[in-house]
Amino acid sequence: MRTRRQLAQLRGQLVQARQAQEHLTRETSARNQRLVQAERQAHDGVKVMHEARAQQDLVRAETEHLISKRIPALLSHLRAPHVIVPGVQNQTFAGTDVDQQHRAILDAFARGVRDEGERIDEAAQAVVRGAMSRVQTQALRAQDLLADLQQRYSGDEHTALLREVLGLDMFNELIIRRVQVTGIACGATTGLSRDDTYLVDLVVGAISRVENFELRIEGPANHLRRRIGVAARAAESILFTTAELLANAVHHSHGTLKVTVAVHETNNGAAIVIDDAGVGLNEEQYTRATQLLSGTHPVRLVDLGNPPRTGWAAIGRQVAHYGMQATVKKSAFGGVQAVLSIPTALLVEMPEHTRPSVLAPEPVRAAAPAGAAAFRPQPVTASRSEQVPPSVRPDPAPAFHQERPAAPEQRRAPAEDLAPLPQRRRQSPGAASGSWPARSSGGSGGSGGSGGSDDTARKILTTPEEAQKRWGDFQIGAEAGRREALPPQQHDFTEGN
């Protein structure tokens with residue numbers, strides 16, 4: 001019994017030992033599992049750390065690519081749009097937060113550069129406007145002095161001096177035009193004002209503003225059927241625009257090729273057509289010309305090239321301001337055809353008692369119309385009040401080209417079409433007096449004589465035919481003097497476009 005009790009105790013102890021061993025085995029297994037899991041987590045942590053370091057290196061490389069490649073390319077793109085800004089270097093970043101953040105940086109950088117560029121360009125244009133305004137004022141004063149010299153030394157004994165003065169007058173006229181186009185391209189006004197003027201007279205005046213116009217420009221061909229004039233507010237602008245288009249055509253044509261000008265009446269107003277047989281334009285140049293001439297796109301000085309070509313930009317500003325339209329296309333001669341369309345709102349019908357200047361060509365007609373006698377001018381008398389009004393002066397003429405601010409006139413509201421045109425019923429006597437150099441066979445003016453007898457007041461100083469012949473002879477001599485005083489010059493690289 002004692003032995004059995006001992007065996008039972010031993011069996012109990014053995015069971016306890018086995019249970020303790022199983023418990024120890026389970027704890028050991030759990031400890032081993034936790035150790036393996038810890039080792040696995042440590043390995044995963046090391047792997048994640050290596051991946052994070054690799055990702056950091058990629059982001060650093062992409063940022064260096066942004067700084068060294070993309071931002072400089074963006075600066076070049078802002079100066080020259082044909083330069084392409086590269087994208088992300090590693091395509092794995094495309095569309096990610098890194099790519100979006102870099103794009104935001106580029107957009108903010110571009111906005112800042114554009115805003116600063118616009119501010120600097122506006123400041124530069126303001127400086128140019130102020131400088132050109134002062135230069136134009138001084139050039140116009142010089143023009144008045146030269147015109148006074150032409151009148152004082154117009155005798156045969158001063159032929160050599162008059163030739164030199166005419167040369168200086170033409171050079172001064174070219175200076176005024178270049179100053180005017182530069183100022184207008186920077187937002188200035190034309191700086192001159194006129195009365196209501198015949199459209200064909202404006203075209204003749206524009207021709208006289210081009211160098212060597214007597215050798216290079218043919219026309220103008222007058223296809224107008226009515227006394228079509230341009231309202232005072234737009235007269236100088238149309239003259240300026242036409243002169244720039246003519247200068248551009250002459251500049252891009254060979255010296256032996258003529259530039260033709262024609263004036264037409266249209267359903268919506270009038271049109272000035274300029275054709276040249278020059279080198280023409282390619283598709284890119286036509287696109288740029290269309291954009292600049294429309295006047296709808298802002299133009300900065302840095303976009304005009306070096307040296308700046310301000311012609312088209314200045315024309316675009318005037319076209320947009322007055323509601324005109326300027327287009328260019330390939331001409332029938334292989335060069336460029338420029339068309340300036342003038343709306344009816346800018347046109348007026350000139351008074352019946354007026355005529356264009358003696359330099360203006362007669363309308364092109366197949367046969368003389370029945371009412372042609374209505375255009376016959378009446379003899380000019382000695383009375384100041386009956387002198388030729390400013391609207392019929394050959395302004396600007398090659399020899400006497402004086403622009404003075406015109407007095408405001410009463411006029412009717414423009415009609416919607418050309419049937420009929422708005423008419424001017426009254427001419428300002430003050431604007432006409434003293435502006436036209438009245439000449440007579442005796443050398444005395446219409447109202448400047450000292451005697452002022454009744455016989456002189458009733459006497460007809462000259463007939464229109466004699467006045468036209470005298471003025472034409474004077475202009476022929478003036479043009480001959482200019483041709484001798486102004487030898488052909490080399491191309492001015494600032495002309496055109």
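Bear in mind that the values here come from a model prediction, so they are computed numbers and not experimental data.

**Quick word on the overall build of the protein**
The secondary structure content of the protein amounts to 11 helices and 8 strands. Among the 497 residues that make up the protein, the fraction classed as buried is 38%. Restricting to contacts in the protein with at least 6 residues of sequence separation, those with at least 24 account for 79%.

**Side note on helix 3 (residues 159-185)**
Compared with the 39 Å implied by 1.5 Å per residue over 27 residues, the 39 Å span of helix 3 between its first and last C-alpha is a close match. Where helix 3 ends, the next residue or the one after it, Gly187, has phi of about 100°, a positive value.

**Quick notes on the packing of helix 2 (residues 97-152) against helix 3**
Each pair of packed helices can be described by the angle between their axes along with the distance between the axes. For the pair helix 2 and helix 3, interaxial distance at closest approach is 9 Å and the crossing angle is 160°. Taken together, the axis directions place helix 2 and helix 3 in an arrangement best described as roughly antiparallel. Helix 3 is crossed by helix 2, and the crossing has left-handed handedness. Looking at the contact of helix 2 with helix 3, its residues break down into 15 nonpolar, 8 polar and 3 charged.

**A closer look at the pattern of salt bridges**
Applying the stated criterion across every chain, the model contains 12 salt bridges. The salt bridge partner of Arg60 is Asp57, with a shortest N-O separation of 2.9 Å. Of the two residues, Arg60 and Asp57 are both situated in helix 1 (residues 2-79); the distance of 3 residues between them amounts to about one turn of the helix. Accessibility expressed as a relative area gives 41% for Arg60, which makes it partly exposed. Among the salt bridges present, the one from Glu236 reaches Arg194, with a minimum N-O distance of 2.7 Å. Pair noted here: Glu236 is in helix 6 (residues 232-251) and Arg194 is in the loop between helix 3 and strand 1 (197-198), with a separation of 42 residues, a long-range link. When sorted by exposure, Glu236 lands in the same class as Arg194, which is buried. Several salt bridges share partner residues, and in doing so they unite Glu173, Arg194, Arg209 and Glu236 into one network.

**Regarding the nonpolar core**
By size, the foremost hydrophobic cluster in this structure holds 45 residues, and its most contacted members are Leu199, Ile238, Leu246, Ile272, Ile274 and Ile342. With 10 residues, helix 6 is the single largest residue contributor to this core. The residues touching Leu246, leaving out its near neighbours within four places in the chain, are Ala206, Ile207, Val210, Ile217, Val259, Val261 and Ile274. By size, the runner-up hydrophobic cluster in this structure holds 7 residues, among which are Ala185, Phe240, Leu304 and Ala314.

**Some details on the pairing of strand 4 (residues 259-266)**
For strand 2 (residues 217-222) and strand 4, the ladder comprises 4 bridges, and the chain directions are parallel. The partner of Ala221 across the bridge, within strand 4, is Ala262. Relative to strand 5 (residues 269-275), strand 4 runs antiparallel, the two sharing 7 bridges. Counted as the bridge partner of Glu265 is Ala270 from strand 5. Two successive antiparallel strands, strand 4 and strand 5, enclose a turn made up of 2 residues.

**A look at the sheet that holds strand 3 (residues 228-230)**
The sheet built from 3 strands is open, its strands ordered 1-3-8 with antiparallel pairing. Looking at which strands have only one partner, the edges of the open sheet turn out to be strand 1 and strand 8 (347-349). Direction of pairing for strand 1 relative to strand 3: antiparallel, over a ladder of 2 bridges. Within strand 3, the position partnered with Thr197 by the bridge is Val230.

**A closer look at the sheet that holds strand 7 (residues 336-343)**
Overall, mixed pairing links the 5 strands, which are arranged 2-4-5-7-6 in an open sheet. Each edge of the sheet is formed by a strand with only one pairing partner; in this case those strands are strand 2 and strand 6 (325-330). Here the average twist between neighbouring strands, direction ignored, is 15°.

**Regarding the side chain of Asn222**
By the element assignment, Asn222 lies in strand 2. Taking the relative accessible area as the measure of exposure, Asn222 reaches 5% and is therefore buried. A distance of 3.1 Å separates a polar side-chain atom of Asn222 from the backbone nitrogen of Leu224. A polar contact of 3.2 Å, which involves the side chain of Asn222, links it to the backbone oxygen of Pro361. Once residues lying within four places of it in the same chain are set aside, the contact partners of Asn222 are Val200, Val263, Pro361, Glu362, Pro363 and Val364.

**Quick look at unusual backbone geometry**
Residue Asn212 is not a glycine yet carries a positive backbone phi of 55°. Secondary-structure assignment places Asn212 in the loop between helix 4 (199-207) and helix 5 (213-216).

**Quick word on the environment of Gln151**
Summarising the element assignment, Gln151 is placed in helix 2. Of the residues examined, Gln151 reaches a relative accessible area of 34% and is grouped as partly exposed. Counting along the chain gives 11 residues from Gln151 to Leu162, while the straight-line C-alpha distance between them is 9.3 Å.

**Here's the deal with the confidence of the model for the protein**
The predicted model of the protein has a mean per-residue pLDDT of 77, with 74% of residues at 70 or higher. Counted against residues more than four places away or in other chains, residues 366-418, with its pLDDT under 50, gives 143 contacts. Here residues 425-460 is modelled with pLDDT under 50, and outside its nearest four sequence neighbours on either side it reaches 45 contacts, counting other chains as well.

**Things to note about the packing of helix 7 (residues 283-294) against helix 8 (residues 311-322)**
Between helix 7 and helix 8, whose axes approach to 6 Å, the crossing angle comes to 40°. As the angle between them shows, helix 7 and helix 8 are arranged oblique. Across the interface between the two elements, Gln285, Ala289, Leu292, Leu293 and Ser294 from helix 7 touch Trp312, Ala313, Ile315, Gly316, Val319 and Ala320 from helix 8. Looking at the contact of helix 7 with helix 8, its residues break down into 8 nonpolar, 3 polar and no charged.

Cut-off values and rules
Residues numbered from 1 in each chain as written. Predicted model: local features only at pLDDT ≥ 70, side-chain atom pairs only at ≥ 80, totals over all residues. Heavy atoms only, no water. Helix = DSSP H or I, 4+ residues; strand = E, 2+ residues; numbered from the N terminus. Buried < 20%, exposed > 50% of the residue type's maximum accessible area, 1.4 Å probe, protein only. Contact = heavy atoms within 4.5 Å. Expected span 1.5 Å × (residues − 1). Axes fitted to C-alpha atoms, helices over the stretch in contact; angles between N-to-C directions. Parallel < 35°, antiparallel > 145°, perpendicular 65-115°, else oblique. Left-handed = near helix turned anticlockwise from the far one by under 90°. Nonpolar A, V, L, I, M, F, W, Y, C, P; charged D, E, K, R; others polar. Salt bridge = Lys/Arg side-chain N within 4 Å of Asp/Glu carboxyl O. Core = buried A, V, L, I, M, F, W, Y, C linked by side-chain atoms within 4.5 Å. Pairing = 2+ DSSP bridges. Polar contact = N/O pair within 3.5 Å; in protein donor to acceptor, adjacent residues only side chain to side chain. pLDDT = per-residue confidence, 0-100.

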